[in-house]
Amino acid sequence: MSLEIVKSGLQDSIQDEGRFGYQHLGINPSGAMDRIAMNIANALVGNDLKEAVIELCFPAAHFVFREAAFISLCGANFNATLNGASVPMHHLIRVPAGAILKFTKKLNGSFCYLAIRGGFQLEDWLGSKSTNTKVKAGGWKGRILQKGDNISFRNRIHEQVDVKVYPWRAKLTDFYSDQKSIRVLQGNESEWLGKSSQRDLTKEIFAISTQSDRMGYRLQGKELKQTTKDQLLSTAVSFGTVQLLPNGQLIILCADHQTTGGYPRVAQIIRADLATLVQRNSREEIRFEFVALEDAERLLKNQQRSMEQLRLSCLYKVRMIAGID
Amino acid sequence: MKKPTFYVLGEGALTVSFGDYINIDYSKQVFQLYHRLSQYEQKFWLDLIPAYTTLTIVYEPLSIEYESPSAWVRKYIEELLESESRHIPMLTRHVTIPVCYAIEFGLDSKRLCNERAISHEQLVELHTTITYTVYMLGFLPGFPYMGSVDSRIATPRLTKPRTVVPAGSVGIAGEQTGIYPLDSPGGWNIIGRTPLKLFDALREQPALLTPGDQVSFVPISNEAFENFDATTFNLVQHES
């Protein structure tokens, strides 16, 4: 059973929850940019939420299904079509053998996730299937997907002739916010900023620069100034760390961040808002809003509860349909 | 001894800081806590990241069943540090790294020697007499930050970083010395190259060095560099 790429995308890769346990060796965790969309995509097809998926950027690859499969598409909407007809986001979809999946137009978001029931047949590298392009390991041959790649998946399903979209849809309101403000915690070096720059950090609007990728989102906005003479010794950073660059601009570290860094950390995006942040496109504007650590922890737990409900209700429905397990 | 300070790096990481400048005593405290957690304690973390003066403990807050996972992790580490009665002996690896210091590999050797008014032989000697500590790995997978180099060859980073530094290049930045595991952009002063692979994704242990290792460099000729056979080279000399 396999899925073949008939046209290369810009930067599509296999990702999962990320590779942990090796950061002391400088091996960055990688993983899906939007873990929520990855989880929902897996929930819809009845997978373990952490199963590896294909992360797509626009323009995305085109695929042909060599065998029938249950799939789902979550996250950014790139106007997907199966055999020429539009298919919706956030649904369970049954795809017949020979079907061609294309992404025709970027409607919203930055990263779209394709999950397949049963998951892909891939080897782990250091406990994860995430692609680490820097060391060319993990995922599919350690690289972004290209035309001609033929990726096997594990589950065989009964052959059907038509595309079928099942009627239920994952509800996203518990997971994403449409507000301009992105909630952050204080960074350990927040106070290295002068008083007025500290105010500007939450008062000003910052635009996501076009120089943004899986390593980090660069922001453009009012120049912020460090007023202390402190210099940070290299120390750990994480997905969501907001650093002040020497030119007074900010960068938000993303999934492919280095394990350590030496720029002042002026804020940290809360986990509950990371998915919302990474789905913003370049030129979109954001604003930072500080919250307390306890609030961030509570918001994350609420999200987790919603995810667990979603997972269970999807699992029940998929099992009814797939008639297996 | 100074009391360590704590801060969070998001909801999923706690950093313990033992000081604010590079110092072997701070590093020893970092390694001690790193070793203690990785060898003897309940495994609730995803990652332990040692740096010059800090240890960052990465965990999944959703798998810690307390109202505030961060408060629980902090209390756990605080109590562990207070109960420091038993000092845990650590094995230290001593690793020897062959380096060819020839001018074609030492892209910055000439300039560095001129600036510091030393001969190339002195540069090689000063770099190879010291046994260095691997304080941390970072920047690139397998990139070791080692110190401290003799002040006579300590040199600030290039003002204009190179777009490509070849893998294996040995460099100096301030009082640190390091080795590029992969071809990469970089601003360290390059003084030689090792034929060893600092990082190889296909190896069982992909990174050659780990935090806390003791490293010494031995000079080798161009010929030895070209004919180098990693299988016959006795890398790890002893553990003590």
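### Brief notes about the overall build of chain A
Check the secondary structure of chain A and you find four helices and 21 strands. Against the 2.2 N^0.38 benchmark of 20 Å for 325 residues, chain A shows a C-alpha radius of gyration of 20 Å, consistent with a compact globule. When the backbone C-alpha atoms are referred to their principal axes, chain A occupies close to 65 × 35 × 35 Å. For chain A, buried positions account for 50% of its 325 residues. Long-range pairs, those at least 24 residues apart, make up 77% of the contacts in chain A with a sequence separation of at least 6.

### What to know about the sheet that holds strand 4 (residues 54-59) of chain B
Two pairing modes exist for strands in a sheet, parallel and antiparallel, and in both the strands are linked by backbone hydrogen bonds. Residues and elements named next belong to chain B. Read from one edge to the other, the open sheet built from four strands follows the order 1-2-4-3, with strand pairing classed as antiparallel. Strands with a single pairing partner mark the edges of an open sheet, and in this sheet they are strand 1 (5-8) and strand 3 (45-50). Neighbour-to-neighbour, the strand axes of this sheet turn through a mean angle of 20 degrees, independent of strand direction. In the sheet, strand 1 pairs with strand 2 (residues 13-17) via four bridges, with the strands oriented antiparallel. Bridge pairing in strand 2 places Val-8 opposite Leu-14.

### Remarks on the domain arrangement of chain A
Residues and elements named next belong to chain A. Considered domain by domain, chain A is made up of domain 1 (2-169 + 305-322) and domain 2 (181-291). Facing 16 residues of domain 1, the contacting portion of domain 2 comprises 12 residues. The set of elements that each furnish at least two residues to the side of domain 1 that touches domain 2 consists of helix 1 (35-45), strand 5 (69-77) and strand 10 (108-116). Of the residues assigned to the side of domain 1 that touches domain 2, the class counts are six nonpolar, eight polar and two charged.

### A short note on the interface of chain A and chain B
With 33 residues of chain A in contact, the opposing surface of chain B contributes 40 residues. Within the residue set of the side of chain A that touches chain B, elements represented by two or more residues are strand 16 (235-236) and helix 4 (293-322) of chain A. The element best represented in the side of chain A that touches chain B is helix 4 of chain A, accounting for six residues.

### Brief notes about the nonpolar core
Residues and elements named next belong to chain A. Ranked by internal contacts, the top residues of the largest apolar core, which has 154 residues, are Ala-41, Leu-56, Tyr-113 and Ile-252. Counting residues per element, this core draws most heavily on helix 1, at eight residues. Ile-252 has contacts with Gly-216, Tyr-217, Leu-219, Gly-240, Val-242, Ile-269 and Leu-277, leaving out every residue within four places of it along the chain.

### Points about the domain arrangement of chain B
All names here are of chain B. Domain annotation for chain B reports domain 1 (5-82) and domain 2 (93-239). With eight residues of domain 1 at the interface, the matching set in domain 2 holds six residues. Looking at which element gives the most residues to the side of domain 1 that touches domain 2, the answer is helix 1 (residues 24-40), with four residues. Taken together, the residues of the side of domain 1 that touches domain 2 break down into seven nonpolar, one polar and no charged.

### Here's the deal with the sheet that holds strand 9 (residues 100-103) of chain A
Residues and elements named next belong to chain A. On the basis of which strands lie adjacent, the open sheet formed by six strands has the order 7-6-9-4-1-11 and antiparallel pairing. The sheet is open, and its two edges are formed by strand 7 (85-86) and strand 11 (150-152), each paired on a single side. Note: strand 1 (residues 2-7) against strand 4 (residues 62-65), four bridges, orientation antiparallel. From the neighbouring strand, Lys-7 faces strand 4, where its bridge partner is His-62.

### Quick word on helix 4 of chain A
For helix 4 of chain A, built from 30 residues, the straight-helix expectation of 44 Å at 1.5 Å per residue is met to within 8% by its first-to-last C-alpha distance of 42 Å. Turning to helix 4 of chain A, its buried residues number three or more, namely A:Ala296, A:Glu297, A:Leu300, A:Met307, A:Leu310, A:Cys314 and A:Val318.

The rules behind the values
- Residues numbered from 1 in each chain as written.
- Chains lettered and ligands numbered in written order.
- Predicted model: local features only at pLDDT ≥ 70, side-chain atom pairs only at ≥ 80, totals over all residues.
- Helix = DSSP H or I, 4+ residues; strand = E, 2+ residues; numbered from the N terminus.
- Rg over C-alpha atoms; globule rule 2.2 N^0.38 Å.
- Buried ≥ 20, exposed ≤ 12 C-beta atoms within 10 Å, placed from the backbone.
- Contact = placed C-beta atoms within 7 Å.
- Pairing = 2+ DSSP bridges.
- Axes fitted to C-alpha atoms, helices over the stretch in contact; angles between N-to-C directions.
- Domains from an automatic or database assignment.
- Nonpolar A, V, L, I, M, F, W, Y, C, P; charged D, E, K, R; others polar.
- Core = buried A, V, L, I, M, F, W, Y, C linked by C-beta atoms within 7 Å.
- Expected span 1.5 Å × (residues − 1).

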